[in-house]
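Coordinates in review
One letter stands for each residue in the lines below.
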Amino acid sequence: MEPSVVLGEKDYLACCGSVKFAEEMVLAGPFSDYQEAASAARDIWFNKVDVNGWLEAFAAHPQIGESPSRTHKSPTSAQWSKGEQSTALATATDTTLEELHQWNVRYRQKFGFIFLIFASGRSTPEILAEMKRRYQNRPIVEFEVAAQEQMKVTELRLSKLFTVNSAAASPIQTQYTATDVTKAGEDRVNIIGAHLTAANEASLLKPSQTFTRTRPPITTHVLDVARGSPATGIEVQLEMWKNIQRRPLFGEADSGGWMPLVSSTTDKDGRSGQLINMVDALSPGMYRISFNTGKYYPEGFYPYVSIVFEVRESQKLEHFHVPLLLSPFSFSTYRGS
C-alpha cells in the first residue's frame, strides 16, 4: 500500500492561490499519489471554489513578463512562477516586453483580471499571439478559459510535490513541504509540462519526439452559464465524415456521409466520457460533435446543437477541446486547450 503524503494549506496555496481550494484539499487528503490529488483538485476547483475563489487564484500570479513580488504570500509559488516563465523571459526583447506590458493592461481593463496562461515552455511571441487571440473572447468565455489554464498550472505544481514524494516514499507516513521539492520540481518543469499542455506539444522526454497523449485527442466540457454550474446529463455524439468523394458543404444535403463514432453523457463536472480512442495520431478529416440540448432544456430554443470542425494533416498530433457554454436561449463555443 502506497504511503499517504500529508500536505498543508501552505503547500496547496503554492499550487493554487485560492484559500478555499487549499482548505478543501487538506480536508480531502491525504493522497497516496499525484493522480489521486489531481483528481480531487479538479473536482474542488470546478465544483467547490466559487467565482471569488477563482479571482483570488488568478490574482496570486504575476503578470506575464513580470517577476513576482518579493512580498508574495507564497514564496514557493513566486519561485515556481519565475521558473514557469523562464522560456518567455529568455526569448523576450525590449520591444516584445513593452508590447506584452501594453497588452497586459488592455486585457485587464477588458476582463478585470490578469491574463493567465500555462506559460511553461512558451516563448514571448507565442504568449503574445495567444493573448491577442483570447482578447477577442466575450468575458464569460474568457473567464472559463482562464480557469482551465489555472487548472493546468495547479496540476503541474501538484506534480512537482508528488514527484519527489514518490521517489522518497517509505512505509512510514511522511510530511513534506513545498519548499523541500521546489528545486527538484523546477528541474522537471519542461518534462511534466509537456504531459499537461493540451495541444501542439510532443513529449519532451524522448529525443525521437515520439508523441504520447495523456488524454483522448477530442474532448468536450459543457457549462450551464444560466445556472453557473457544469451541465450534467447532456447526451453527446461524435461523428466523422466518411464520404471520400466530397466534403460536407454549407447548404448541401449530407445524408450518408456522417459515421457515428461514439455517444456519451456529461458527468457531474460537465465532461463527456471518452469520445475517441487514445491514439497518437488523430485521423485527419471532418468531425461533428452534437449535444442533445433539447432534452436538457425542454423549454429552450435549441433542440440540439451540432458543431462541425476539421482536423488537418498538420494537426493530427494536436488536442481538440470543444467546450459548450449553454443557456436556454443561447450557446457559444471555441477551440479550447
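If you're wondering where the values come from, they're calculated on a predicted model, not measured in any experiment.

Taking 1.5 Å per residue, 14 residues should reach 20 Å; helix 3 (residues 34-47) reaches 20 Å between its end C-alpha atoms and fits that length. Taken residue by residue, helix 3 has Tyr-34, Ala-37, Ala-38, Ala-40, Ala-41, Ile-44, Trp-45 and Phe-46 as its buried positions. By the N-cap criterion, in which a side-chain oxygen at the helix start approaches the backbone nitrogen of a residue two or three places on, helix 3 is capped by Asp-33, the distance to Gln-35 being 3.4 Å.

Under the counting rule described, the total for this entry stands at 18 aromatic pairs. Relative to Trp-54, the ring of Phe-46 lies with its centre 6.3 Å away and its plane at 90°, an arrangement referred to as edge-to-face. Summarising the burial analysis for this pair, Phe-46 and Trp-54 share the class buried. Considering the side-chain rings of Phe-301 and Tyr-302, the 5.0 Å spacing of their centres and the 85° angle between planes classify their relative orientation as edge-to-face. Taken together, the ring pairs in this structure connect Trp-45, Phe-46, Trp-54, Phe-58, Trp-103, Tyr-107, Phe-111, Phe-113, Phe-115, Tyr-135 and Phe-143 into an aromatic cluster. Positioned over the ring face of Phe-46 is Arg-271, at 5.0 Å from the centre of the ring.

This brings us to the nonpolar core. Among the nonpolar cores identified, the biggest contains 43 residues, and Phe-21, Met-25, Trp-45, Phe-58 and Leu-158 are the most heavily contacted of them. Per element, the largest residue contribution to this core is eight residues, and it comes from helix 3. In contact with Phe-58, not counting residues within four places along its chain, are Trp-45, Phe-113, Ile-114, Leu-116, Phe-143, Ala-146, Ala-147 and Gln-150. Within the second largest apolar cluster, 23 residues are counted, among which are Leu-275, Ile-276, Leu-282 and Leu-326.

Conventions we followed
Residues numbered from 1 in each chain as written. Predicted model: local features only at pLDDT ≥ 70, side-chain atom pairs only at ≥ 80, totals over all residues. Heavy atoms only, no water. Helix = DSSP H or I, 4+ residues; strand = E, 2+ residues; numbered from the N terminus. Expected span 1.5 Å × (residues − 1). Buried < 20%, exposed > 50% of the residue type's maximum accessible area, 1.4 Å probe, protein only. Polar contact = N/O pair within 3.5 Å; in protein donor to acceptor, adjacent residues only side chain to side chain. Phe/Tyr/Trp six-rings, centres within 6.5 Å; stacked < 30°, edge-to-face > 60°. Lys NZ or Arg CZ within 6 Å of the ring centre and 35° of its normal. Core = buried A, V, L, I, M, F, W, Y, C linked by side-chain atoms within 4.5 Å. Contact = heavy atoms within 4.5 Å.

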